[in-house]
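One-letter residues, chain by chain:
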Amino acid sequence: MLALSQATTERLLTQALKSAGGEIERAKMVQCRTSVDGVEAGFEPLNGDPPSIVRGPWLLAADGAHSTVRQQLGIDFMGSSFKGQWYLADVALHTTLASDQAHVFFLDEGAFLFMIRVVDEALKEGPGDPVWR
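Read on for an overview of the structure. Treat the numbers as computed from the prediction; the structure is a model and nothing was measured.

**Notes on the packing of aromatic side chains**
All told, the structure shown has 1 aromatic pair when counted by the stated rule. Centre to centre, the rings of Trp86 and Phe112 are 5.6 Å apart; their planes meet at 75 degrees, and the pair counts as edge-to-face. Separated by 26 residues along the polypeptide, Trp86 in the loop between helix H2 (68-73) and strand E5 (91-92) and Phe112 in strand E7 (residues 112-115) bring together distant segments of the chain. Looking at Trp86, the relative accessible area reads 53%, which means it is exposed.

Now the structure itself:
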């Protein structure tokens, strides 16, 4: 398993997009709807540019169980969710655990601890222990 930091993931995706001739435009999606030939989505750019409508054959929504796209289109969430809260932390950790493997520790009352080494070039050369999530 491999866990990339958010910064590393964004850097790799940005590089791939730029090498394909694209560029990043950050915006907030404020509406979406299906159309005869696909989908239309309304965006408010974060740089102050005027709002715009984007049309395409499909829309990929990767924004989780509380998806704005799913809510706008009236699509139910068919998955399940946990009743309790999840906690996520990236911490420097001195450990003898193998850094090329994920680790699961089962705790009392059905709880568990999942640990994986986070790969982040910015932290790679820094002092101290490696970062684990």
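Having seen the model, we can carry on.
**Things to note about the pairing of strand E2 (residues 27-35)**
The pairing of E2 with strand E3 (residues 38-45) spans 8 bridges and is classified as antiparallel. Paired with Lys28 across the two strands is Glu44, which belongs to E3. Linking E2 back to E3 in an antiparallel pair, the connection comprises 2 residues.

**Some details on the sheet that holds E3**
An order of E2-E3-E4 is seen for the 3 strands of this open sheet, with the pairing classed as antiparallel. Pairing within the sheet leaves two strands with one partner each, and these edge strands are E2 and strand E4 (52-56). Recorded for the sheet is a direction-independent mean angle of 25 degrees between the axes of neighbouring strands. For E3 and E4, the ladder comprises 5 bridges, and the chain directions are antiparallel. Across the sheet, the residue bridging to Ala41 is Val54, located in E4.

**Details of a nonpolar patch on the surface**
There is a patch of nonpolar side chains on the surface, built from Met1, Phe82, Trp86, Val104, Phe106, Phe112 and Phe114 and spanning about 860 Å² of accessible area. Those elements that place two or more of their residues in the nonpolar patch are strand E6 (103-106) and E7. Structurally, Phe106 is set in strand E6. Phe106 gets classed as exposed once you look at its relative accessible area, which sits at 70%.

How each quantity is defined
Residues numbered from 1 in each chain as written. Predicted model: local features only at pLDDT ≥ 70, side-chain atom pairs only at ≥ 80, totals over all residues. Heavy atoms only, no water. Phe/Tyr/Trp six-rings, centres within 6.5 Å; stacked < 30°, edge-to-face > 60°. Helix = DSSP H or I, 4+ residues; strand = E, 2+ residues; numbered from the N terminus. Buried < 20%, exposed > 50% of the residue type's maximum accessible area, 1.4 Å probe, protein only. Pairing = 2+ DSSP bridges. Axes fitted to C-alpha atoms, helices over the stretch in contact; angles between N-to-C directions. Patch = residues over 30% accessible without salt bridge, like charges linked within 9 Å, V, L, I, M, F, W, Y side chains within 5 Å. Areas by Shrake-Rupley, 256 points an atom, 1.4 Å probe, with all protein chains shown as cover. Salt bridge = Lys/Arg side-chain N within 4 Å of Asp/Glu carboxyl O.

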